[in-house]
There are 2 protein chains.
Amino acid sequence: MSLVNEKLKLENIRSALIRQEDTIIFNFLERAQFPRNEKVYKSGKEGCLNLENYDGSFLNYLLHEEEKVYALVRRYASPEEYPFTDNLPEPILPKFSGKFPLHPNNVNVNSEILEYYINEIVPKISSPGDDFDNYGSTVVCDIRCLQSLSRRIHYGKFVAEAKYLANPEKYKKLILARDIKGIENEIVDAAQEERVLKRLHYKALNYGRDAADPTKPSDRINADCVASIYKDYVIPMTKKVEVDYLLARLL
Amino acid sequence: MSLVNEKLKLENIRSALIRQEDTIIFNFLERAQFPRNEKVYKSGKEGCLNLENYDGSFLNYLLHEEEKVYALVRRYASPEEYPFTDNLPEPILPKFSGKFPLHPNNVNVNSEILEYYINEIVPKISSPGDDFDNYGSTVVCDIRCLQSLSRRIHYGKFVAEAKYLANPEKYKKLILARDIKGIENEIVDAAQEERVLKRLHYKALNYGRDAADPTKPSDRINADCVASIYKDYVIPMTKKVEVDYLLARLL
């Protein structure tokens, strides 16, 4: 069986999504070690960088530097990874083997993810405060959180493609009619969403626990808060990606 | 109380070490998703890079690129972080506040860590195989494993400094006599080591578990194997760093 089919098997997509939950929770836990450190997100004089030819935030600066490195190893040639910044170099590794498993598309919601992360997620997972000595570590954690969230949300393209291939005629009709509500109804799976939220809650509780005294409840990150970030943002945003991908599926 | 004293309080050192265990185990779990991919560790024609002016391995190439970015945000000005590569740029952030908490020293065992990681750890945590499409992801995981191991092992400097400050006269005598065996006997804590290994085993079992069926034993990484990497390598190597640091403590 070809690589394309493997990547689009619903069972493989599901296990990739489950695996990505672990990464997201763990990245949140790592970020939660440091205080809010708001200055790393501010531009210009309100920020913490003092560079001659750069006016953006420290986070944006480091995101771009990191993405340049990742672009070299063809991360953004993968159907699973989307950059937050522009002007990235060409890969130094040869092209991926196998066929690109998705329909060509330009769906990229990273600017929305970045804004939501800074304004909604950081205040929830970190405590108020400013620790100048940990600005670098903070931003390294931020980048990992952003990358894992972006990967998870854009994985909606695989879900959408798999669902489309399972029933192309039904989807074609909805797409041609630009029936967004109809597409949403088609792709939603409420029972599955409930399972995801329950599992996330269990994992956040479990990974955040103090191994020296595992009977104590987790105090490093709030499990309800992790589940609510999924419920309020990750799941709806994944749905948006699925819909946007499908709307462009026949182009 | 000054930053120096806080960083050198044995209770704070211990909680930093416990926290770092989580990061190491989680990084191992991430690496374990991919097969061995030996080509990423080989140089020249045996490797997977085909660059005109570079003959090293893909891992070494990306390590250097990543460390250039991290050097910009002054990671290696921190007493907790040591680079694997040379020729790194100057930081763009201002100097850290507070006094450097360690005695000036050049102890850096990263070349040994790199070799042990490639030859002993990778074969233990990954399954045999080659997956060209995941070379980039593999090496990104490798770098995170290496960085977290390096940080943990070099944290021995904090342990050594704290122990030295608690009893300078006794250590001075041993250091001046170059009594390595005597220093080793002084810094060892067998009961504490047992606690570390037990805790690690518990965490590896717990983080590796399948949340869909938590009663099943962990199948993503072997908990005995994680504990044995600590017992056979991380703990002895940390001791070596402690001894090397102390031997240079009076210079």
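Residues numbered from 1 in each chain as written. Chains lettered and ligands numbered in written order. Predicted model: local features only at pLDDT ≥ 70, side-chain atom pairs only at ≥ 80, totals over all residues. Heavy atoms only, no water.

Trainee: How would you explain the overall build of chain A if you had to name every residue and give the values?
Mentor: Across its full length, chain A holds 10 helices and zero strands. Projecting the C-alpha coordinates of chain A onto the three principal axes gives extents of approximately 55 × 50 × 35 Å. When the 251 residues of chain A are sorted by exposure, 55% land in the buried category. Contacts spanning at least 24 positions in sequence make up 71% of the contacts within chain A whose residues lie at least 6 apart. Surface exposure of chain A reaches about 11600 Å², of which carbon and sulfur atoms provide 51%. The distance from the centre of the 36 positive side-chain charges to the centre of the 38 negative ones in chain A is 6 Å. (Helix = DSSP H or I, 4+ residues; strand = E, 2+ residues; numbered from the N terminus. Buried < 20%, exposed > 50% of the residue type's maximum accessible area, 1.4 Å probe, protein only. Contact = heavy atoms within 4.5 Å. Areas by Shrake-Rupley, 256 points an atom, 1.4 Å probe, with all protein chains shown as cover. Lys, Arg positive; Asp, Glu negative; His and termini not counted. Charge placed at Lys NZ, Arg CZ, Asp CG, Glu CD.)

Trainee: Can you lay out the interface of chain B and chain A for me, pointing to particular residues and giving the numbers?
Mentor: The partner chain A presents 46 residues to the 46 residues of chain B that form the contact. Taken over both partners, the interface formed by chain B and chain A buries close to 4100 Å², and the fraction arising from carbon and sulfur atoms is 60%. Interface area lost by chain B to chain A is led by Arg19(B), Phe26(B) and Asp133(B), which between them contribute 15%. Taken together, the links from chain B to chain A amount to two salt bridges. Ionic pairing is found between Glu30(A) and Arg19(B), a salt bridge with its closest N-O pair at 2.9 Å. Counting residues per element, the ones that place at least two in the side of chain B that touches chain A are α2 (10-31), α3 (58-72), α5 (135-154) and α9 (190-207) of chain B. Considering each element in turn, the side of chain B that touches chain A owes the most residues, eight residues, to α3(B). Grouping the constituent residues of the side of chain B that touches chain A by class yields 25 nonpolar, seven polar and 14 charged. (Buried area = accessible area lost by both parts, 1.4 Å probe. Salt bridge = Lys/Arg side-chain N within 4 Å of Asp/Glu carboxyl O. Nonpolar A, V, L, I, M, F, W, Y, C, P; charged D, E, K, R; others polar.)

Trainee: Explain the environment of Ile187(B) to me, using residue names and the numbers behind them.
Mentor: Residue and element names in this part refer to chain B. Structurally, the position occupied by isoleucine 187 is in helix α8 (residues 180-187). Taking the C-alpha atoms as reference points, isoleucine 187 and isoleucine 118, 69 residues apart in sequence, are found 29 Å from one another. In this structure isoleucine 187 touches Lys163, Tyr171, Lys239, Glu242, Val243 and Leu246, once residues within four positions along its chain are discounted.

Trainee: Break down the nonpolar core for me, citing the residues and quoting the values.
Mentor: If you look at the biggest cluster of nonpolar residues, it comprises 112 residues, and the most contacted ones within it are Phe28(A), Phe58(A), Phe28(B) and Phe58(B). The residues contacting Phe28(B), other than those within four sequence positions of it, are Ile121(B), Ile125(B), Cys145(B), Leu149(B), Ile221(B), Val226(B) and Ile229(B). (Core = buried A, V, L, I, M, F, W, Y, C linked by side-chain atoms within 4.5 Å.)

Trainee: Can you lay out the relation of the copies chain B and chain A for me, pointing to particular residues and giving the numbers?
Mentor: The operation relating chain B to chain A is a screw motion whose rotation component is 180°, with 0.0 Å of axial translation and a residual RMSD of 0.0 Å. Here the transformation between the copies is reduced to the relation of a two-fold axis. Taking the C-alpha atom as reference, chain B places Tyr207(B) closest to the rotation axis, 3.2 Å from it. A shared interface surface links the copies, since 100% of the contact residues of chain B are contact residues in chain A too. (Least-squares fit on C-alpha atoms with pLDDT ≥ 70 in both.)

Trainee: Kindly report on helix α7 (residues 168-176) of chain A, identifying the contributing residues and their values.
Mentor: All names here are of chain A. The complete set of buried residues in α7 reads Tyr171, Leu174 and Ile175. Projected down its long axis, α7 carries its buried residues within an arc of 100°, all on one side. In α7, the exposed positions angled more than 90 degrees off the buried face are occupied by Glu169, Lys173 and Leu176. Among the structural elements, α6 (156-166), α8 (180-187) and α10 (223-247) are those in contact with the buried residues of α7. Immediately downstream of α7, the backbone of arginine 178 shows phi near 50°, a positive value. (Arc of directions from axis to C-beta.)

Trainee: Describe in detail the UniProt feature "binding site: L-tryptophan" in chain A, supporting the description with residues and values.
Mentor: All names here are of chain A. In the UniProt entry, the feature "binding site: L-tryptophan" is given for Asn134, Gly136 and Ser137. What makes glycine 136 buried here is its relative accessible area of 6%. In this structure, serine 137 sits in helix α5 (residues 135-154). When its relative accessible area of 29% is taken as the criterion, serine 137 is described as partly exposed. (UniProt positions renumbered as here; feature names shortened; annotations may be inferred.)

Trainee: Please set out the pattern of salt bridges residue by residue, giving values where relevant.
Mentor: Residues and elements named next belong to chain A. Evaluated as defined, the whole model comprises 36 salt bridges over all chains. When the shortest N-O distance is used, the salt bridge between glutamate 80 and arginine 151 registers 2.5 Å. Placement of the pair is glutamate 80 in the loop between α3 (58-72) and α4 (110-125) and arginine 151 in helix α5, with a sequence separation of 71 residues. The class of arginine 151 is partly exposed, set by a relative accessible area of 25%. Lysine 239 is the partner of glutamate 193 in a salt bridge, and the nearest nitrogen-oxygen pair spans 3.2 Å. Of this pair, glutamate 193 sits in helix α9 (residues 190-207) while lysine 239 sits in helix α10, and the two are 46 residues apart along the sequence. The class of glutamate 193 is partly exposed, set by a relative accessible area of 22%. Look at the salt bridges and you will find they share partners, linking Lys7, Arg75, Glu80, Glu81 and Arg151 into a network.

Trainee: Kindly report on α5(A), identifying the contributing residues and their values.
Mentor: Given a rise of 1.5 Å per residue, 20 residues ought to cover 28 Å, and the 28 Å separating the end C-alpha atoms of α5(A) matches this to within 8%. The buried count for α5(A) comes to 18 of 20 residues, which makes it a mostly enclosed element. (Expected span 1.5 Å × (residues − 1).)

Trainee: Can you tell me about the side chain of Asp133(B), naming the residues and giving the values?
Mentor: With respect to the helices and strands, Asp133(B) occurs in the loop between α4 (110-125) and α5. One buried charged residue, Asp133(B), forms no salt bridge at all, with the nearest opposite charge on Arg74(A) at 4.8 Å. One polar contact links the side chain of Asp133(B) to the main-chain amide nitrogen of Ser97(A), over a distance of 3.0 Å. (Polar contact = N/O pair within 3.5 Å; in protein donor to acceptor, adjacent residues only side chain to side chain.)

Trainee: Go over the UniProt feature "binding site: L-tyrosine" in chain A with me, naming the residues and quoting the values.
Mentor: Residues annotated in UniProt with the feature "binding site: L-tyrosine" correspond here to Arg74(A), Arg75(A), Asn134(A), Gly136(A) and Ser137(A). In three dimensions, the annotated residues from a span of 64 residues occupy distinct locations, with a maximal C-alpha spread of 29.8 Å. Tracing the backbone through its elements, the reader meets Arg75(A) in the loop between α3 and α4. A residue is classified by how much of its surface remains accessible, and Arg75(A), at 15% relative accessible area, is buried. Beyond its immediate chain neighbours, meaning those up to four positions away, Arg75(A) contacts Tyr70(A), Glu81(A), Gln147(A) and Val140(B). Within the element layout of this structure, Gly136(A) appears in helix α5. Ignoring any residue separated from it by four or fewer positions in sequence, one finds Gly136(A) in contact with Phe58(A), Val73(B) and Leu93(B).

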